[in-house]
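# Close look at the chain arrangement
If you want the building blocks of each chain, they are given just below.
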Amino acid sequence: MDIKRVKDYIYWLYYQYLLITCSYVLEPWERSMFHTITVTVFAMVVYTAYVFVPIHVRLAFEFFSQIFGGQPESTV
């Protein structure tokens, strides 16, 4: 793939992001604050998913395995 095409595609994605969030109408300092808050919230969501989703999936698997006749774990 050509580097120019990749660069154009990234610019196109960024432009789509600006249009969807309507941040193209903001002043530069407002846009930087908006991007900072958006990236911070996204990072917190990703971190929370990384930490807590595996725990909940494991607990759900144990719960459903007990319901559908799985062998109970030893409590020794």
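Residues numbered from 1 in each chain as written. Predicted model: local features only at pLDDT ≥ 70, side-chain atom pairs only at ≥ 80, totals over all residues. Heavy atoms only, no water.

Worth spelling out the cut-off: UniProt positions are given in the numbering used here, feature names are shortened, and annotations may be inferred rather than shown by experiment.
For the protein chain, the name recorded in an unreviewed UniProt entry is Serine palmitoyltransferase small subunit B, with Chunga burmeisteri as its organism. According to the UniProt record, the Sequence similarities (unreviewed entry) comment for the protein chain reads "Belongs to the SPTSS family. SPTSSB subfamily."

### Structural notes on the UniProt feature "transmembrane region" (unreviewed entry) in the protein chain
Going by this rule: Runs of H or I in DSSP of at least four residues are treated as helices and runs of E of at least two as strands, each being numbered from the N terminus.
Within this numbering scheme, the UniProt entry marks residues 9-26 and 32-53 as carrying the feature "transmembrane region" (unreviewed entry). Across residues 9-26 one finds 72% helix and 0% strand; the C-alpha atoms that close the span lie 23 Å apart.

### Section: the packing of helix α1 (residues 3-21) against helix α2 (residues 28-67)
Where we set the bar: Throughout, an axis means a line fitted to C-alpha atoms (over the contacting stretch in the case of helices), and angles, computed between N-to-C directions, take values from 0 to 180 degrees. Orientation categories follow fixed angle ranges, with anything under 35 degrees roughly parallel, anything over 145 roughly antiparallel, 65 to 115 roughly perpendicular, and all other angles oblique. Any two residues having at least one pair of non-hydrogen atoms within 4.5 Å are treated as being in contact. Residue classes follow a fixed rule: Ala, Val, Leu, Ile, Met, Phe, Trp, Tyr, Cys and Pro count as nonpolar, while Asp, Glu, Lys and Arg count as charged, and any other residue, Gly among them, counts as polar.
Their axes nearest at 13 Å, the elements α1 and α2 cross at an angle of 95 degrees. Judged on the interaxial angle alone, α2 and α1 are roughly perpendicular. Judged by residue contacts, Tyr 14, Tyr 17, Leu 18 and Thr 21 of α1 engage Arg 31, Phe 34, His 35 and Thr 38 from α2. Grouping the constituent residues of the contact of α1 with α2 by class yields four nonpolar, three polar and one charged.

### As for the packing of aromatic side chains
Note the threshold: Within 6.5 Å between ring centres, the rings of Phe, Tyr and Trp (the latter by its six-membered ring) count as paired, and their orientation is classed by plane angle as stacked under 30 degrees, edge-to-face over 60, tilted in between. The rule is simple: take the accessible area with a 1.4 Å probe, protein chains only, and divide by the maximum for that residue type; under 20% is buried, over 50% is exposed, in between is partly exposed.
Enumeration according to the criterion identifies four aromatic pairs in this entry. Consider the rings of Phe 63 and Phe 64, whose centres lie 5.2 Å apart with planes at 70 degrees: the pair is edge-to-face. For the pair Phe 64 and Phe 68, a centre-to-centre distance of 6.3 Å together with 15 degrees between the ring planes defines the contact as stacked. Owing to a relative accessible area of 46%, Phe 64 belongs among the partly exposed residues under this scheme. Residue Phe 68 is classed as exposed on the basis of its relative accessible area, which comes to 67%. A connected cluster of aromatic rings, assembled from ring pairs, spans Phe 63, Phe 64 and Phe 68.

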